[in-house]
Amino acid sequence: MTKRISRQFGLRACLATATVLLSTLLPATVRGQAVVNPANGHLYEFVAVPTGQPLLSWSEATAYATTLVRNGLRGRLATLESESELAFINANFSVSGGTACEAAWLGASQVAGSAEPSGNWRWISGQSVATFGWDSGEPNNFVQDNIPENCMVGRWNGDSTLAWHDMTCNPTTVDDDDHGACLLVEYEAVGAAAIPTLDEYGIVLLLVLMAASAAWALRRS
Ligand SMILES: [Ca+2]
Ligand SMILES: [Ca+2]
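None of these values were measured; they are calculated from a predicted model.

Some details on the overall build of the chain
- Looking only at helices and strands, the chain features 4 helices and 10 strands.
- When its helices and strands are written in sequence order, the chain yields α-β-β-β-α-β-β-α-β-β-β-β-β-α.
- Out of the 221 residues belonging to the chain, those deemed buried represent 30%.
- Counting contacts in the chain only where the partners sit at least 6 residues apart, residues at least 24 apart contribute 69% of the total.

Here is the structure:
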């Protein structure tokens, strides 16, 4: 009887540990409607951080996006590298169209030490950022408290047109643009040899813990 109680306690303790670890790996977010772009087969989706949750820095958003999988496609921060791709977003999403994201992280940043405000902006794909998508007056590297603007968000203008803005990479409070509270995720097919996502690492970790707990329980019986 003592061994059985011990075995059950061990299994429950391992499962509880795995659940806690998984919850720390995967931030709670609200996912919107995904729309496929027929030009490239990619899915696009706005993902929001719920009110009260810590904001995501650009680096955190970049890492988090790669943990997302939808319809078998792998996520990453969106890279709107052509005028037609930006036009697709504007034709299919708006602030009033089901997302609360007035501004969302995009997959571009400025290389540190570059000429301000427009020098050496790069998409996470490695491609240079062209000039067509910047909003009027942007990028402007609007420095407050000695903090430069070196990361890109897509910001809505009058609920109808999304344009690029340079913003601080580590927002600490939600401003009226929801800066740091949303990200635009782009999903695409990846090869079978792709690195597992954090979702998948979490599942593997859970399986390892369950196997370890079973082995431990068997040894105790
Ligand atoms: Ca800058
Ligand atoms: Ca700016």
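Picking up where we left off.
Here's the deal with the pairing of strand β6 (residues 103-110)
- Counting buried positions over the 8 residues of β6 gives 8, a clear majority of the element.
- Residues Ala103, Trp105, Gly107 and Ser109 point to one face of β6 and Ala104, Leu106, Ala108 and Gln110 to the other, with burial holding for every one of them.
- Examined bridge by bridge, β6 and strand β8 (residues 151-157) share 4 bridges and lie antiparallel to one another. Its bridge partner lying in β8, tryptophan 105 is registered against valine 153.

A look at the environment of phenylalanine 93
- Residue placement: phenylalanine 93 occurs in the loop between α3 (83-92) and β6.
- Taking the C-beta count within 10 Å as the criterion, phenylalanine 93 has 23 such neighbours and is therefore assigned buried.
- Spatially, the C-alpha atoms of phenylalanine 93 and alanine 34 are 9.8 Å apart, while their sequence positions differ by 59 residues.

Observations regarding the pairing of β8
- Of all 7 residues that make up β8, 6 are buried, and the element is covered over most of its length.
- The pairing of β8 with strand β9 (residues 161-167) spans 7 bridges and is classified as antiparallel. Of the residues in β9, the one forming a bridge with tryptophan 156 is leucine 162.

Brief notes about unusual backbone geometry
- With an omega of 0°, the peptide bond between glutamate 116 and proline 117 qualifies as cis.
- Tracing the sequence through the fold places proline 117 in the loop between β6 and β7 (121-123).
- Between glutamate 138 and the following residue, proline 139, the backbone shows a cis peptide bond with an omega angle of -5°.
- By secondary structure assignment, the location of proline 139 is in the loop between β7 and β8.
- Backbone geometry places asparagine 71, a non-glycine residue, at a positive phi of 50°.
- Looking at the secondary structure, you find asparagine 71 in the loop between β4 (69-70) and β5 (73-77).

Side note on the environment of serine 94
- Within the element layout of this structure, serine 94 appears in the loop between α3 and β6.
- Serine 94 sits in the partly exposed class, given 16 other C-beta atoms within 10 Å.
- Note: C-alpha distance between serine 94 and leucine 162 (68 residues apart in sequence) is 8.0 Å.

A few points about the environment of glycine 119
- Structurally, glycine 119 can be placed in the loop between β6 and β7.
- Here the alpha-carbon distance between glycine 119 and valine 129, two residues 10 residues apart in the chain, equals 9.7 Å.

A few points about the nonpolar core
- With 39 residues, the main nonpolar core has Ala104, Leu106, Leu183 and Leu184 as its most contacted residues.
- When contributions to this core are tallied by element, the ones reaching two or more residues are β3 (42-48), α2 (58-65), α3, β6, β8, β9 and β10 (182-188).
- Those residues within four positions of leucine 106 in sequence are excluded, and the remaining contacts are Leu77, Ala78, Leu80, Met152, Val153, Gly154, Trp164 and Leu184.

Re α3
- Taken together, the buried positions of α3 are occupied by Leu86, Phe88 and Ile89. Each buried residue of α3 lies within a common arc of 150° when the element is viewed along its axis, so the set occupies one face. Away from its buried face, by an angle of more than 90 degrees, α3 presents the exposed residues Glu83, Ser84 and Ala91.

Considerations on the confidence of the model for the chain
- For the chain, per-residue confidence averages 80 on the pLDDT scale, and 72% of positions sit at 70 or higher.
- Mean pLDDT values over the elements of the chain span from 49, in helix α1 (residues 2-25), up to 98, in β7.
- Of the regions scoring below 50 in pLDDT, residues 18-26 engages in 12 contacts with residues more than four places distant in sequence or in other chains.

Some remarks on α2
- Within the span of α2, buried status applies to Trp58, Ala61, Tyr64 and Ala65. Projected down its long axis, α2 carries its buried residues within an arc of 125°, all on one side.
- Buried-residue contacts for α2 involve β5, β6, β8 and β10.

Conventions we followed
- Residues numbered from 1 in each chain as written.
- Chains lettered and ligands numbered in written order.
- Predicted model: local features only at pLDDT ≥ 70, side-chain atom pairs only at ≥ 80, totals over all residues.
- Helix = DSSP H or I, 4+ residues; strand = E, 2+ residues; numbered from the N terminus.
- Buried ≥ 20, exposed ≤ 12 C-beta atoms within 10 Å, placed from the backbone.
- Contact = placed C-beta atoms within 7 Å.
- Pairing = 2+ DSSP bridges.
- Core = buried A, V, L, I, M, F, W, Y, C linked by C-beta atoms within 7 Å.
- Arc of directions from axis to C-beta.
- pLDDT = per-residue confidence, 0-100.

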